[in-house]
Amino acid sequence: MSEEKKKGLDGRLLRRIISYLEPYKIWVGVAFITVLVVAFLGPLRPKLVQITIDQDIVTGDLEGLRNMIMLLFGILVAEGLLSFVNAYLTQWIGQQAIYDLRTKLYRHIQRQSLRFFDTTPIGRLITRVTSDVESLSQVLSAGVVTILGDLFKLIFISWFMFSLNWELALLTLAVMPLMVYATFWFKRKVRVAYRETRTQVARLNSFLQEHISGMKIVQLFGREEEEMNRFKAINDEHRQAHIRTIFYYALFFPLVDLVATIALGLVIWFGGLNAMQGTLTLGVLIAFIQYARQFFEPIRNLSDQFNTLQSAMAGAERIFDLLDSDSSIPEEESPVDFKSVDGRIEFRNVWFSYDPKIDSEDDEADWILRDVSFSVNPGQSLAIVGATGAGKSTVINLLLRFYDIQRGSILVDGVDITSISLADLRSHIGLVLQDVFLFSGTIRDNITLRNDEITDERMKRAAASIGASAFIERFSAQYDYEVRERGMSLSHGQRQLLSFVRALVYAPRILVLDEATSSVDTETEEAIQNALERLMKDRTSVAIAHRLSTIQHADKILVMHRGQVRESGSHQELISQDGLYRKLYELQYQEQKALA
Amino acid sequence: MVVRQAIDSIPRFVTSYRAFQGTPLENYLYTDYFFSLLTFGLMIMALSVGSGIFSFLMRQTVVVASRHIEYDLRNRLYDQLQNLSHDFYLKHATGDLITRSTSDIEQVRRYIGPAIMYTTRALVIIVVALSVMFVISPKLTWYTLIPMPFLAVSVGLVAHLVHSRSDALQFQYSVLTSRVQEALSGIRVLKAYSREKVEAEAFDKESADYRKKSLDLAFIEAAWRPVFLTLVGVSTLIVVWVGGTLAIAGEITIGNIAEYIIYVALMTWPVASMGFVITMVQRAAASMDRLNEIFDAEPGIVTTEGEAIKEAKGAIAFEAVSFRHPASEVKALNSVSFAAPAGSTLAVVGRTGSGKTTLVEMIPRLLDAESGTVRIDGRDVKSIPVDVLRSMIGYVPQDVFLFSDTVAENISFGTLGAEQSLIEKAALEADLLDNISSFQDGFETFVGERGITLSGGQKQRTSIARALIRQPRILILDDALSAVDVGTEQTILGHLKKQFGKRTIVIVSHRISAVKDADHIIVLDEGQIIENGNHDSLVQEDGFYAALHHKQLLERELEELA
């Protein structure tokens, strides 16, 4: 734990957090006012009780007594109402502000390039957007306003006490240093003890997690008895750590009571003496008894608030770090217009590496693609084959501009893709991946991706021509069938067909396809092959091919190995060359024959 | 009470003091009263110390006791978890079980300790305070009590609402989290189809819903303190008003008023806490239910008190064994029969999902056959005590699982107290010794959960060493060589071959190279044996095995080509 970094409240960070309150400053002002009023009304009551006792009860004025009670009741209700308004308002402000922050953060993350996602675990991003932002709400709502409220309350109470009788007030305050000291001593000891319990809890939890996940191993190797003993030991240490914390609490609460009572005792003693000498009325005495109690609560609250604030700041720092880093693909300020497209693709001397720090001059460095050049005419189909790691998927990633290349250029219809807006470029390219990603939602949602412009009719027509409508209509909910997360409820083949429909419905001029390697049953296989034919008709297509039929029907085949284009031509040409292609072809053929 | 006496005595003091003013007795009286008041003050403090001590003791006993209870409960739970068999773990998600073992137990403990404490304290305080108050003035007491029931009820209501709304909030939080997770996992598709904006808008909707639910909760929480304090304030007001009236009428003293104010202050928290306690107990009951689901579960594999095998040889036989997974309609194993004589090597080959792992899991009785019999050395496995059976078997599972412990501890996991020489020998046979020697702490190197710091191949070899060190009669390798390269595979197999004849080995693999030298090879597809024989006979058959073999040869060639 970086204790040094806990300068506690880093001013700049705090200011940045508070800037999110900007749009709500009027409400913040209102909240301040209510806090002040409430802070004032609270201590007012004992004063009024004092007056009541001295003026009405002692003198026996029933009428006056009743009036005072009415007044007091009114104040009580007002105080209650206002403190409710204050509490809710501060929460409201906080929630609004973090809603704004959450929205901004999410959009920022979405905009980032794939490179960012390759290197950042999703779990971490989720934590930022959800729990880190949430912890900030504490600061924005309760934190700032409540702290001020407590401070003001202390000020008002002191003021009232002093205005009634400065000697008693001093006496009451005299015990305050004791209280503060006790509180800090306690907090320090407890923090250490808590750290220990947190460690123990983590140990216990990780033991349980490990052993539940690996219970099979424990049982297979007959380790039950030994593990039980180990568990007991950890369990025991956990218990001990907590018992130590309980000790401190057990000590602290009575101590606090004692201090408050000391104040009370002093009040009675001294107050009584003064009463005898006529310098003090009984009402004042009773009022002070109430003040003594009222005084110590805000002090205790303040130290709690401080801790919450500190941990929220840590979360804020992480969030702002994320917001400040930007690795999105840079887009042209004024992109070339790209509304209609023929579909001619060209790669010109493309060199690429996923490593952003690679030396682009160094030919011997670890390039994924080396001097790759090829072209595809509109309406043609290109199949890319090669062993794993040859660079096939990379070609697709680059065409869609998920990454920017280091050397060379990629052109669509003769226009360099870096000069086109990302949205335009991608609107003309349809992507079908081998790992079909389906979202939770209906089939319709997954096909249209919630695009209102795609009519049901268009969707159904696409599904029919792909041949997917058969299985979709078998579900009672049909297109409203709920697809579970990642499409678990559908078979692999069905998911493939859906992703084809999705691609077709967006009717792109260029189709990019990363074929699945795992096999499906023959019936679905046929459906898929037909669907593919339908999909590739009248389009330029670039396919990473694994199917025999795809390879055989392609207009041109590109054979890649270790990032370079080794051979290219039609199927017949390449077979007769008897090189790399032939071997690869036989491999595919064998595998598919074996599994047929 | 003391406060009251003190306050009441003050007017007496005042009047008598004034009476003697200006007389020589004045000073004398002053000191006398000085000390009386001092005594009062000290008595108040002494009482506070006394109650403080008791409060301390109470917390030390009750809350500490709750921790002891928690300790026992956890031990029992873990014991039960160890007893439950593999089929239970297949049915229940790991995450769910972990939540029950951690957070549900926490709920039960949290609410039993404080709940008892609050209840006893509340009862005592209320009884004592009320009895004194009644003695002084029944009338005033009744009036003072009016707000109390409201207090308890409103607190209970608030607590209930707080819980239900925070549950709703938790739920929405997890919806939000899932949404983010999905969107970010599928970011590629989103970008490819330029759906980012639409997705962001959908996210905003969920985010707004979360905000609403947060505010719903905040509403209740904001109302709670004002309501509480208002009710307390009203009590005080009643004391002042009715008490004042009675004091004017001379029925009670002003000291009494002060006293009542203090009593009211004392009673409010205990009364309010009653409202909490009820909801607390509800939550604890719900958690206890969830825990009982585990406690009440019956272990699927029950061990018998049969005889141990005197001279275990390790012959395995399956007779028409069938098995179906609990929620599935399809048979994982369909009438599988084969025999592997002691000391022979059996290989099981087949596609993913063909039933290979299920088959080998039946040998150490992780699963029991639905129909048919599994025999070891001619005896039905169900008739052999489970611990005896498992001590005969060394199992290397498909998913490598190592514990957060040292390498030595992991290897000797199944052989308690194994000597260093044995550990090293096992490491050697698994071709791991060189690697370990290169580690800074050697065998004492710690590996994280699931063996993070080791490479995939190293983890697998550790897993193999763990099985080998047991010198088992039966060695089962479930796809245990998938993460190692061909060279290492050959080395390990070389060591294993020395074991051939000494023990029965069952190898499950995709790789023909690992399986080639087995005495007997069976090919599984959809739970049934479709081919069996040895390497040569199967290649001749030109079926699945042969095709697989050919493909792997080609892959080898391809790698060498480039």
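Here the structure is a predicted model, which means the values were calculated and not measured. (Residues numbered from 1 in each chain as written. Chains lettered and ligands numbered in written order. Predicted model: local features only at pLDDT ≥ 70, side-chain atom pairs only at ≥ 80, totals over all residues. Heavy atoms only, no water.)

Colleague: Hey, could you run me through the overall build of chain B in this one?
Modeller: Per the secondary structure count, chain B includes 19 helices and twelve strands. Looking at the 562 residues of chain B, the share that counts as buried comes to 53%. Contacts in chain B between residues far apart in sequence, at least 24 positions, make up 74% of those at least 6 positions apart. By element, 58% of the accessible surface of chain B is carried by carbon and sulfur atoms, the whole surface being about 24700 Å². (Helix = DSSP H or I, 4+ residues; strand = E, 2+ residues; numbered from the N terminus. Buried < 20%, exposed > 50% of the residue type's maximum accessible area, 1.4 Å probe, protein only. Contact = heavy atoms within 4.5 Å. Areas by Shrake-Rupley, 256 points an atom, 1.4 Å probe, with all protein chains shown as cover.)

Colleague: Can you walk me through the overall build of chain A in this structure?
Modeller: When you go through chain A residue by residue, the secondary structure sums to 20 helices and twelve strands. Going through the 596 residues of chain A one by one, you find that 54% of them count as buried. Taking as baseline every contact in chain A between residues at least 6 positions apart, the subset at least 24 positions apart corresponds to 78%. Element-wise, carbon and sulfur atoms account for 53% of the exposed surface of chain A, whose accessible area totals about 26500 Å².

Colleague: In this structure, what is going on with the sheet that holds strand 1 (residues 316-324) of chain B? I would like to understand it.
Modeller: The strands that make up a sheet pair up through hydrogen bonds in the backbone, lying either parallel or antiparallel. Residues and elements named next belong to chain B. Taken in spatial order, the four strands of this open sheet run 2-1-4-5, and their pairing is antiparallel. Every other strand in the sheet has two partners, leaving strand 2 (331-340) and strand 5 (379-380) as the edge strands with one partner each. Where strand 1 lies against strand 4 (residues 371-376), five bridges are found, and the strand directions are antiparallel. Counted as the bridge partner of Phe318 is Val374 from strand 4. (Pairing = 2+ DSSP bridges.)

Colleague: Sorry if this is basic, but what is going on with helix 6 (residues 166-174) of chain A here?
Modeller: Because each turn of an α-helix spans 3.6 residues, side chains separated by three or four positions end up pointing in the same direction. All of the buried residues along helix 6 of chain A are Leu168, Ala169, Thr172 and Leu173 of chain A. Buried residues in helix 6 of chain A, looked at end-on, bunch into an arc of 135°, giving them a common side. (Arc of directions from axis to C-beta.)

Colleague: In this structure, what is going on with the pattern of salt bridges? I would like to understand it.
Modeller: Oppositely charged side chains can pair when the atoms bearing their charge come close. Residue and element names in this part refer to chain A. Taken as a whole and assessed by the stated rule, the structure comprises 36 salt bridges over all chains. Here Arg401 makes a salt bridge to Asp404, at a shortest N to O gap of 2.9 Å. On the accessibility criterion, Asp404 (25% relative accessible area) is partly exposed. (Salt bridge = Lys/Arg side-chain N within 4 Å of Asp/Glu carboxyl O.)

Colleague: I'm lost on the nonpolar core in this one. Help?
Modeller: Among soluble globular proteins, nonpolar side chains are generally buried collectively. Ile109, Phe347, Leu399, Leu431, Ile466 and Phe500 of chain A are the most contacted members of the largest nonpolar core, which has 194 residues in total. It is helix 10 (residues 282-324) of chain A that contributes the most residues to this core, 18 residues altogether. Discounting residues that sit within four places of it in the chain, Leu399 of chain A has contacts with Ile345, Phe347, Ile410, Val412, Ile417, Leu425, Ile429, Val512 and Val542 of chain A. In terms of nonpolar packing, the next biggest core, distinct from the first, is built from 62 residues, Ile217 of chain A together with Leu359, Phe403 and Leu524 of chain B among them. (Core = buried A, V, L, I, M, F, W, Y, C linked by side-chain atoms within 4.5 Å.)

Colleague: It is not clear to me how the confidence of the model for chain B should be interpreted in this structure. Could you clarify?
Modeller: Atom-level detail of predicted coordinates should not be read off regions where pLDDT is low. Residue and element names in this part refer to chain B. In the predicted model, chain B carries a mean pLDDT of 81, and 90% of its residues have values of at least 70. Least confident of the elements in chain B is helix 1 (residues 2-20), whose mean pLDDT is 58; most confident is strand 6 (residues 393-396), at 92. With pTM at 0.70, the complex prediction returns an ipTM value of 0.77. (pLDDT = per-residue confidence, 0-100.)

Colleague: Help me understand the pairing of strand 9 (residues 510-514) of chain A, please; the structure alone is not making it clear to me.
Modeller: Both faces of the sheet carry side chains from a regular strand, because those side chains alternate between them. Residues and elements named next belong to chain A. Across the five residues of strand 9, five count as buried, placing the element largely inside the fold. The alternating pattern of strand 9 places Ile510, Val512 and Asp514 and Leu511 and Leu513 on opposite faces, both of which are buried. Where strand 6 (residues 429-432) lies against strand 9, four bridges are found, and the strand directions are parallel. Residue pairing for strand 9: Val432 is matched across the bridge by Leu513. In terms of strand pairing, strand 9 meets strand 10 (residues 540-544) through five bridges, oriented parallel. Bridge pairing in strand 10 links Val512 to Val542.

Colleague: In this structure, what is going on with the sheet that holds strand 9 (residues 474-478) of chain B? I would like to understand it.
Modeller: Residue and element names in this part refer to chain B. The strand order 6-9-10-3-11-12 describes an open sheet built from six strands, whose pairing is mixed. What marks the edges here is a single partner per strand, and that holds for strand 6 and strand 12 (528-533). If you compare each strand with its neighbour and ignore which way they point, the axes differ by 15° on average. Strands in contact with helix 15 (residues 456-468) are strand 6 and strand 9; relative to strand 6, the strand with the most contacts, it is inclined by about 175°. (Axes fitted to C-alpha atoms, helices over the stretch in contact; angles between N-to-C directions.)

Colleague: Teacher, can you tell me more about the interface of chain A and chain B here?
Modeller: Much of the literature gives interface size as the accessible area that the parts lose upon coming together. Contacts between the two partners involve 136 residues from chain A, matched on the other side by 133 residues from chain B. In this assembly, chain A packs against chain B so that about 12800 Å² is buried in total across both faces, 72% of it on carbon and sulfur atoms. In this assembly, chain A and chain B are joined by four salt bridges. The closest approach of N and O atoms between Arg230 of chain A and Glu409 of chain B, which form a salt bridge, is 3.1 Å. The interface formed by chain A and chain B contains 25 residue pairs in polar contact (both at pLDDT 80 or more). (Buried area = accessible area lost by both parts, 1.4 Å probe. Polar contact = N/O pair within 3.5 Å; in protein donor to acceptor, adjacent residues only side chain to side chain.)

Colleague: So what exactly am I meant to see when it comes to unusual backbone geometry here?
Modeller: Trans is the common state for peptide bonds, and a negative phi is the common state for residues other than glycine. All names here are of chain A. Residues other than glycine seldom take positive phi values, yet Arg401 does so here, at roughly 55°. In this structure, Arg401 sits in the loop between helix 11 (392-399) and strand 4 (407-412). Judged by its relative accessible area of 2%, Arg401 is buried. Positive phi values are uncommon outside glycine, yet Asp538 reaches one of about 60°. Summarising the element assignment, Asp538 is placed in the loop between helix 17 (522-536) and strand 10.

Colleague: Can you walk me through a negative patch on the surface in this structure?
Modeller: Residues and elements named next belong to chain A. Taken together, the side chains of Asp359, Glu361, Asp362 and Glu364 make up a negatively charged region of the molecular surface. By the element assignment, Asp359 lies in the loop between strand 1 (345-352) and strand 2 (369-376). Asp359 gets classed as partly exposed once you look at its relative accessible area, which sits at 44%. (Patch = residues over 30% accessible without salt bridge, like charges linked within 9 Å, V, L, I, M, F, W, Y side chains within 5 Å. Lys, Arg positive; Asp, Glu negative; His and termini not counted. Charge placed at Lys NZ, Arg CZ, Asp CG, Glu CD.)

Colleague: Where do I start with the environment of Phe134 of chain B in this structure?
Modeller: Residue and element names in this part refer to chain B. The topology assignment puts Phe134 in helix 4 (residues 94-136). Taking the relative accessible area as the measure of exposure, Phe134 reaches 28% and is therefore partly exposed. Excluding anything up to four places from it in sequence, Phe134 contacts Thr141 and Trp142.

Colleague: What exactly am I supposed to notice about the pairing of strand 11 (residues 556-561) of chain A here?
Modeller: All names here are of chain A. For strand 11, the buried fraction is high: five of the six residues fall into the buried class. Two strands pair when backbone bridges link them, and strand 3 (residues 381-386) and strand 11 are joined in this way by five bridges, in the parallel orientation. Residue Ala383 lies in a different strand from strand 11, and its bridge partner there is Ile557. For strand 11 and strand 12 (residues 564-569), the ladder comprises five bridges, and the chain directions are antiparallel. What sits directly across from Leu558, in strand 12, is Ser568. Following strand 11, the chain reverses through two residues before pairing antiparallel with strand 12; Arg562 in that reversal takes a positive phi of roughly 50°.

Colleague: Please clarify how the environment of Lys191 of chain B should be interpreted in this entry.
Modeller: Relative to the elements of secondary structure, Lys191 of chain B occurs in helix 7 (residues 187-192). Among the residues examined, Lys191 of chain B registers a relative accessible area of 4% and is labelled buried. If near-sequence neighbours (up to four positions away) are discounted, Lys191 of chain B is found in contact with Gln110, Arg111, Gln112, Phe117, Phe402 and Arg426 of chain A together with Glu196 of chain B.

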